[in-house]
Amino acid sequence: AVYNVSSRARVAAWELPAAVRLTHAAQVHGPSRQYVVVRDHTRLLGWAETDNAIDAEAGLTFDQPIATLLQSPALHDCLAAVPMDGSAIVLRAAVGASSRSASSVAVATVPAPDGDELTVWACLTPMASAASGAPLPLCIFVLSRSNSAALTLR
């Protein structure tokens, strides 16, 4: 459910079957008013603020568990999903109501590094631009841990 913080009134609510296990907090993509949430670590569900229900069987399927979802105004109508293997997939926030592989609808992808590393943390950071007024490129930083407990920031 979504509540107005000032008035404490419920603005919108959606139902899911009790058997559905959400493994990440839902996020709203501000510009598009699309909501996204991760189900069972590997399925990204999406719905519009005006939808009456969430289709728990639809969404995008990932090969690896999702570590985090990242947003930035610079991504416009997209968000970035970072799976546990350290790869990144940039997707449109409007996930849609059909079942598909996330890689089949990716706007951009960053491959996973070689090795046994697992994602611990990730963030999007705008990089400095040499030209005034030029769009700032984004960098995805991923902190990973290997089986030997070594940490790597890429």
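Scroll up to find the structure this text is about.
Residues numbered from 1 in each chain as written. Predicted model: local features only at pLDDT ≥ 70, side-chain atom pairs only at ≥ 80, totals over all residues. Heavy atoms only, no water.

## Structural notes on the overall build of the protein chain
Then, number 1: In terms of regular secondary structure, the protein chain is built from 0 helices and 14 strands.
Then, number 2: Mapped in sequence order, the helices and strands of the protein chain form the string β-β-β-β-β-β-β-β-β-β-β-β-β-β.
Then, number 3: The 154 residues of the protein chain split such that 32% are buried.
Then, number 4: When the accessible area of the protein chain is evaluated, it comes to approximately 8800 Å², of which 55% is carbon and sulfur surface.
Then, number 5: Both charge centroids of the protein chain, one from 10 positive and one from 12 negative side chains, sit 7 Å from each other. (Helix = DSSP H or I, 4+ residues; strand = E, 2+ residues; numbered from the N terminus. Buried < 20%, exposed > 50% of the residue type's maximum accessible area, 1.4 Å probe, protein only. Areas by Shrake-Rupley, 256 points an atom, 1.4 Å probe, with all protein chains shown as cover. Lys, Arg positive; Asp, Glu negative; His and termini not counted. Charge placed at Lys NZ, Arg CZ, Asp CG, Glu CD.)

## Concerning the nonpolar core
Then, number 1: Core analysis: the biggest nonpolar cluster contains 14 residues, and Leu44, Leu60, Phe62, Leu69 and Leu91 have the highest contact counts within it.
Then, number 2: Those elements that provide at least two residues to this core are strand 4 (34-39), strand 7 (66-70), strand 8 (78-83) and strand 9 (88-92).
Then, number 3: The contact partners of Phe62, leaving out residues within four places of it in the chain, are Thr42, Leu44, Ala81, Pro83, Ile89, Leu91 and Ala102.
Then, number 4: Residues Leu70, Val90, Leu124 and Val142 belong to the second largest nonpolar core, which totals 10 residues. (Core = buried A, V, L, I, M, F, W, Y, C linked by side-chain atoms within 4.5 Å. Contact = heavy atoms within 4.5 Å.)

## What about the side chain of Gln34?
Then, number 1: Turning to its location among the elements, Gln34 is positioned in strand 4.
Then, number 2: Those residues in contact with Gln34 that sit more than four places away from it in its chain are Gln27, Val28, His29, Trp47, Ala48, Ala93 and Ala94.

## Remarks on the packing of aromatic side chains
Then, number 1: Per the stated rule, a full pass over the model turns up 3 aromatic pairs.
Then, number 2: Note on Trp14 and Tyr35: the rings are 5.0 Å apart at their centroids and 55° apart in plane angle, and the pair reads as tilted. One end of the pair, Trp14, is in the loop between strand 2 (10-12) and strand 3 (27-29); the other, Tyr35, is in strand 4, and 21 residues separate them in sequence. Of the two residues examined, Trp14 and Tyr35, each falls in the buried class.
Then, number 3: Here the aromatic rings of Trp14 and Trp47 are separated by 5.5 Å at their centres, their planes lie at 65°, and the arrangement is edge-to-face. Placement of Trp14 in the loop between strand 2 and strand 3 and of Trp47 in strand 5 (residues 43-48) is noted, with a sequence separation of 33 residues between them.
Then, number 4: You can call Trp14 buried: its relative accessible area is 15%.
Then, number 5: Within the aromatic cluster, the residues linked to one another by ring pairs are Trp14, Tyr35 and Trp47. (Phe/Tyr/Trp six-rings, centres within 6.5 Å; stacked < 30°, edge-to-face > 60°.)

## Overview of the sheet that holds strand 9
Then, number 1: Within the open sheet, the 4 strands sit side by side as 7-8-9-11. Their pairing is antiparallel. In this open sheet, the two strands that pair with only one neighbour each are strand 7 and strand 11 (108-110). When the angles between neighbouring strand axes are averaged without regard to direction, this sheet yields 20°.
Then, number 2: Two elements, strand 9 and strand 11, share 3 bridges in a ladder whose sense is antiparallel. Directly across from Ile89, in strand 11, lies its bridge partner Thr109. (Pairing = 2+ DSSP bridges. Axes fitted to C-alpha atoms, helices over the stretch in contact; angles between N-to-C directions.)

## Some points on the pairing of strand 4
Then, number 1: Summarising burial for strand 4: 6 of the 6 residues are buried, a large majority.
Then, number 2: Going residue by residue along strand 4, you find Gln34, Val36 and Val38 tucked away on one face and Tyr35, Val37 and Arg39 tucked away on the opposite face as well.
Then, number 3: Pairing between strand 3 and strand 4: 3 bridges, direction antiparallel. Looking at the pairing, Val28 lines up with Tyr35 of strand 4.
Then, number 4: Hairpin connection between strand 3 and strand 4: a loop of 4 residues separates the two successive antiparallel strands, and Arg33 in this loop has a positive phi of roughly 60°.
Then, number 5: Here strand 4 runs beside strand 5; their pairing, made up of 6 bridges, is antiparallel. From the neighbouring strand, Tyr35 faces strand 5, where its bridge partner is Trp47.
Then, number 6: Linking strand 4 back to strand 5 in an antiparallel pair, the connection comprises 3 residues, with Asp40 at a positive phi of about 50°.

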